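What follows is each chain in one-letter form.
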Amino acid sequence: MSFQSCTNKLDILPEGAPSKASYWKTKEDAVKGANGLYNLYDDEDFYGRGFAWFLNASDDMVTGRNNAQAENIRTFNRNYIGGGYTESQWQMRYAIIKQANEILRYVPSIAMDEKLKNRILGEANFNAGYMYFQLAANYADERAGVPIVTVENMDNEKATPRAANVEENYLHIEKLLKSAADQLPFLMS
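Starting afresh in each chain, residues are numbered from 1 along the sequence in its written order. Owing to the predicted nature of the model, reporting of local features is limited to residues with pLDDT of at least 70; listing and counting of side-chain atom pairs is limited to 80 or more, with chain, interface and lining totals taken over all residues. The basis for the side-chain values is all heavy atoms of the structure; hydrogens and waters are excluded.

Q: What is the right way to look at helix α1 (residues 27–36) in this model?
A: It helps to recall that an α-helix has 3.6 residues per turn; residues three or four apart then point in one direction. When a residue's accessible area, from a 1.4 Å probe over protein chains only, is under 20% of the maximum for its type it is buried; when over 50% it is exposed; and in between it is partly exposed. Helical segments are the DSSP runs of H or I of at least four residues, strand segments are the runs of E of at least two, and each set is numbered from the N terminus. The set of residues buried in α1 consists of Asp-29, Ala-30, Gly-33 and Ala-34. The buried side chains of α1 occupy one side of the element, clustering within an arc of 135° when seen end-on. Among the structural elements, α5 (87–106) and α6 (114–139) are those in contact with the buried residues of α1. Directions from the helix axis toward the C-beta atoms define the arc. Any pair of residues with heavy atoms lying within 4.5 Å of one another is described as a contacting pair.

As C-alpha cells, then:
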C-alpha cells in the first residue's frame, strides 16, 4: 500500500460570478470590463425600437395605429406613469455609465501595458460622455439636468440628485470627452 500526496487537488480556481474582491486584478479583467461597455449597444431597445419611439414625440414619425403608449409619448402626457417603449433608455444608459465608472476606479491600479490601459480608460470616458449626451438631450433642460454619477459618488446610498440644469450636464460631458481624447490613440487614415 502506498500513499500519494494530492496537494494539487486543493488548488481550486474560484467559480461563480466575479466579485469586486476577485475582479479588476489583471489585464484580462480590464479588457473584459472595457468590452462590457458595449454589451447593451446590441439590445433591441438601445438603438432599435425603444430608441425610435422618441421620434414619436416629434413630427418625424406617425404611429399608424391605436397605441396608448405611443400616444402618451407623442403628446408628452405628464400624467402617464408607464414608460413602456422608452422606459429602458434611462436604465441602460446608466448601466453603461456604471460600467465606465468601475473601469475608471479600478483599471488605473492594474499593472499592465500603459498604452492599453489608456485606451481602456479612454473608452470608459468616451462611453460615459456619450451616454450623458443622450440622456441630457432626452431628459434635461434649463430647469433640471440628469444626475451625474461619478467614481466619487457612485457608492452613495442616497440617490444622486439631478444636476441643476442641462448646462451642468454639458460641462461634465465636455470634461469626459476631453479626457477620452487625451487617452485614446490617435489614428491617421
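Q: Can you walk me through the nonpolar core in this structure?
A: Where a protein is soluble and globular, its nonpolar side chains tend to be buried together. By size, the foremost hydrophobic cluster in this structure holds 34 residues, and its most contacted members are Trp-24, Tyr-94, Ile-103, Val-107, Met-112, Ile-120 and Tyr-132. Mapped by element, the contributors of at least two residues to this core are α1, α5, α6 and α7 (166–183). Look past the residues within four positions of Val-107 in its chain and what remains in contact with it is Trp-24, Ala-30, Glu-102, Met-112, Lys-117, Ile-120 and Leu-121. We call a set of buried residues a nonpolar core when its members are Ala, Val, Leu, Ile, Met, Phe, Trp, Tyr or Cys and they connect through side-chain atoms within 4.5 Å of each other.

Q: I tried to follow unusual backbone geometry on my own but got confused; where do I start?
A: In most cases, non-glycine residues show a negative phi, while peptide bonds are predominantly trans. The backbone of Trp-24 shows a phi angle near 60°, a positive value even though the residue is not glycine. Mapping Trp-24 onto the fold places it in the segment before α1.

Q: Can you walk me through the confidence of the model for the protein chain in this structure?
A: For the protein chain, mean pLDDT is 85; residues scoring 70 or higher make up 74% of the total. Values of pLDDT, the confidence the predictor places in each residue, fall between 0 and 100. No element of the protein chain has a lower mean pLDDT than helix α4 (residues 68–74), at 69, and none a higher one than α7, at 98.

Q: Got a minute to help me understand the pattern of salt bridges in this structure?
A: Close approach of charged atoms lets side chains of opposite charge pair. Only one rule defines a salt bridge in this text: a Lys or Arg side-chain nitrogen within 4 Å of an Asp or Glu carboxyl oxygen. Tallied over the entire structure, the rule returns six salt bridges. With its nearest N and O atoms 3.2 Å apart, the salt bridge here joins Glu-102 to Lys-98. In this pair, Glu-102 and Lys-98 both sit in helix α5, four residues apart, roughly one turn of the helix. Looking at Glu-102, the relative accessible area reads 6%, which means it is buried.

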